[in-house]
Amino acid sequence: AMSALRFWIRPAVGARAPFALASRRLASLAWRPLSIPRVMASARPAFARGHGGAAPGRYVHQAAAAAAEEDYEFVDEGKPAAGSIAGYGDGSGVDKSARSALREAFASLLSKKTTRSYLEKALGGSNTSARMAVVDAELGFLPWLCSASPETYASAADAALRDIGLGQGVREELLSELAEFSKIQSGERKELRERSTDMTEPHEWYPQARLMTRKIVMHVGPTNSGKTHSAMVALKKAKSGIYCGPLRLLAWEVFDRLNADGLPCALITGQERVNTDGARHAAVTVEMASISTRYDLAVLDEIQMLGHEQRGWAWTRALLGIQADEIHTCGDETACNLVQKLCYLTGDELVVHHYKRLSPLAIADRPLTGIRDVRPGDALIAFSRREIYRLKAAVEKETGNRCCVVYGSLPPETRKEQATRFNGDSSTAATTPGSAITSNADSSVDSTADSPADSLADSRGCVLIASDAVGMGLNLNIGRVIFTATQKFDGFSVRPLLPTEVKQIGGRAGRFNSAFSTGVVTCFGAKSELGFLRASLGAPLPPLESCGLLPTTSQLEQFARSAAPQPFSKLLRRYFESSRTDEGSYFVCSIEEMYRNAKLIDSVPLSIEERLNFCITPVDTSEPKIADAFMRYAKAHSAAVETGGGVVRVGVRLSPGVPRTDIEISALEKTHQVLDAYLWLSHKFEATFGERERARELRHSVGSLISQGLEGVVVGSRTNTLQAMRGRRAGTEVRAFRPELEMAPKMHTFKSPRKSAKKASRK
């Protein structure tokens, strides 16, 4: 590996390039095994981008090749030319042949095991430091020696030129200087590593915001308390402003509302950009909030997400870095102490407004006995897709009511459409005589004593079947929230619902100025489960103690320069293991998703900035088909950049037909995620991801197919799906959707997806 590294590093950077440039570029590499043909073909342009590391710029292939023919007389743009002392060039007066001979003799000296042992002993017995010292020495020692000790350099060059070899005295002198050089480099790497992993004062990352005296206005209260409404009133009055929401649905809602009120507003999410003429307001998802633009007022919704294990960094960044005279935050009271602590660190003024719930929330006096007790306006909460579809079929069969479904993996457009349909139908049904939920002064109500089932069936109202996704991002006219289970699988184990989850979901029952003036929370099953819900709703929530952080791109680049060459995924893991935070105020967010994405593209030559953008792409690569598309996008992007042209294709084809089973809908949802990822990446890499419009059209088509499929979906099995596919081939009405992903940019040759599909069908 090191032999191959020596083979292609020198022509790419230049043996006499400035030392600082050479060491920076080599240290930024994360090594991966390369075959000799691959090295021969693409070493120079690949090196400039770094296999896991980041290079400050990219060398042109022809320029690097020309430099190799001219004895590596090649330096970076804007840097001192080789041959000048300022650029660590050869200013000693030693002729070209002597310099060449010295390089060869020194390379031979470095390859000896005794040299490695000598360096290991000089650097305190660290084998890793010795290996890094050899790499540093190969690129930078001789230029440094020429500047630091011209006499030693000249004598060694003279000895090498006369072909008498490096004598014992010359070797000892060179090794002594080499040990000094390695100590300097080791100290600089250690200092750089400590500086890059220092995350104890993230409020100092945003100097422009620290120059301002901002006013933080907190609107805190439970669900349906009007806190967000108060913040939006302030946003409308401001001359310029930004709304930062946790979901695309909320950003869309604010965008539509402000423009409908005659206030021009732009929309910025990871997948969409909508510019409105004359807009001085913007509705964005919190990750896309600009910290370089000056605003009069900013609204930061769901501020308690500061403590979220994966996404908390985005709220921390927005709260600390947005340049706004006033920042209005909305959320529950758990974030008050933490925001107060952050305001003390930043010097910002803090004002807190408390709100109470506008509509009463009650607990039913007894649980429901079965599906027949469900009525229009109810929301049944389940925690798996299969259970949601099973409940939908049961409710429609036994009560005659239509059902809408909402869960996390549904496309946002489909969720919004389902919520709109539910709000319209449930409001109409709720005004039917005998069906309205009446307010009760007690803390419990009879959940089965309202309208008869017969009249409800005739009203053809709508019932919502949903997951915990209803807890955020949708305004729903819900009369009763019915928990079908009080436990959920969180990805690791089955656990009871947390009080904060029960409050967030149950609080959606009842809405001010809607058909349901009182919200009711109930469940199926035993009274013990109803008691669990009552205790959870009344339990005090623990205050947030710390907020999430993620490093900046520059911090990761600095850490890469200080570390030994390694795959980026390992570099990422090592960074988070080495990072230091103020544990009383901050924590490092989970990087499991980032790590999984990074591991998939370790072998793709990308810069650190490019890798980081791919790693934070909001896509679930735990699904094999999505992971395959993700890797193909990364490879195609890398090839397009290396060749200086080409476009990354969307690579998604839709087969005609509406999905009939939940399995087929699930396949469509994965395709929608792939298209979302393409759109997200197209805004990060506009030069290579050039089929944005086609991806947007395909995503709209996929969303329409999912919406149509939800009307008559059944809980299917693999057998049912295969039968549906056979029926389609036989020409019957039964059709299934089968997404096919292909990735075939012009500069790459991949296995034909059509041939793969035929081979799979034959098997």
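Residues numbered from 1 in each chain as written. Predicted model: local features only at pLDDT ≥ 70, side-chain atom pairs only at ≥ 80, totals over all residues. Heavy atoms only, no water.

**Describing the overall build of the protein**
At step 1: In terms of helices and strands, the protein carries 28 helices and 23 strands.
At step 2: Out of the 763 residues belonging to the protein, those deemed buried represent 52%.
At step 3: For the protein, contacts bridging at least 24 residues in sequence account for 77% of all contacts bridging at least 6.
At step 4: About 33,000 Å² of surface is accessible on the protein, with carbon and sulfur atoms providing 51% of the total. (Helix = DSSP H or I, 4+ residues; strand = E, 2+ residues; numbered from the N terminus. Buried < 20%, exposed > 50% of the residue type's maximum accessible area, 1.4 Å probe, protein only. Contact = heavy atoms within 4.5 Å. Areas by Shrake-Rupley, 256 points an atom, 1.4 Å probe, with all protein chains shown as cover.)

**What about the nonpolar core?**
At step 1: Residues I322 and V339 are the most contacted members of the largest nonpolar core, which totals 54 residues.
At step 2: Aside from chain neighbours lying at most four places away, what touches V339 is I216, M218, I303, L306, L319 and L350.
At step 3: With 51 residues, the next largest nonpolar core counts L368, A636, V674 and V702 among its residues. (Core = buried A, V, L, I, M, F, W, Y, C linked by side-chain atoms within 4.5 Å.)

**Side note on the pattern of salt bridges**
At step 1: Taken as a whole, this structure holds 32 salt bridges when the rule is applied.
At step 2: The residue D468 makes a salt bridge to K488 at a minimum N-O spacing of 2.7 Å. Of this pair, D468 sits in the loop between β14 (462–466) and β15 (480–483) while K488 sits in strand β16 (residues 487–489), placing them 20 residues apart in sequence.
At step 3: Assessed through its relative accessible area of 32%, D468 is described here as partly exposed.
At step 4: Judged by its relative accessible area of 14%, K488 is buried. (Salt bridge = Lys/Arg side-chain N within 4 Å of Asp/Glu carboxyl O.)

**Things to note about the state of the cysteines**
At step 1: Counted by the stated rule, this structure contains zero disulfides.
At step 2: In this model C462 remains outside any disulfide bridge; the closest cysteine sulfur is found in C404, 3.2 Å from its own.
At step 3: Residue classification places C462 among the buried positions, given a relative accessible area of 0%. (Disulfide = S-S within 2.5 Å.)

**As for the side chain of T688**
At step 1: Mapping T688 onto the fold places it in the loop between α25 (662–684) and α26 (692–711).
At step 2: A relative accessible area of 7% means that T688 is categorised as buried.
At step 3: Discounting chain neighbours no more than four positions away, the residues touching T688 are H637, A640, V641, G646, V647 and V648.

**Considerations on unusual backbone geometry**
At step 1: Within the chain, N224 stands out as a residue other than glycine whose phi angle is a positive 60°.
At step 2: Considering the arrangement of structural elements, one finds N224 in the loop between β2 (215–220) and α11 (227–237).

**Quick word on helix α13 (residues 312–321)**
At step 1: The element α13 is largely enclosed, with a buried count of eight among its 10 residues.
At step 2: Three or more residues of α13 are buried, namely G312, A314, W315, T316, A318, L319, L320 and G321.

**So, the packing of helix α24 (residues 624–643) against α25**
At step 1: Between α24 and α25, the least distance of the axes is 10 Å, while the angle of their chain directions is 25°. Relative to α25, the element α24 lies roughly parallel. Of the two possible hands of crossing, α24 and α25 adopt the one that is right-handed. Taken together, the residues of α25 that come into contact with α24 (itself represented by I626, A629 and Y633) are K670, Q673, V674, Y678 and L681.
At step 2: In the contact of α24 with α25, the residues fall into six nonpolar, one polar and one charged. (Axes fitted to C-alpha atoms, helices over the stretch in contact; angles between N-to-C directions. Parallel < 35°, antiparallel > 145°, perpendicular 65-115°, else oblique. Left-handed = near helix turned anticlockwise from the far one by under 90°. Nonpolar A, V, L, I, M, F, W, Y, C, P; charged D, E, K, R; others polar.)

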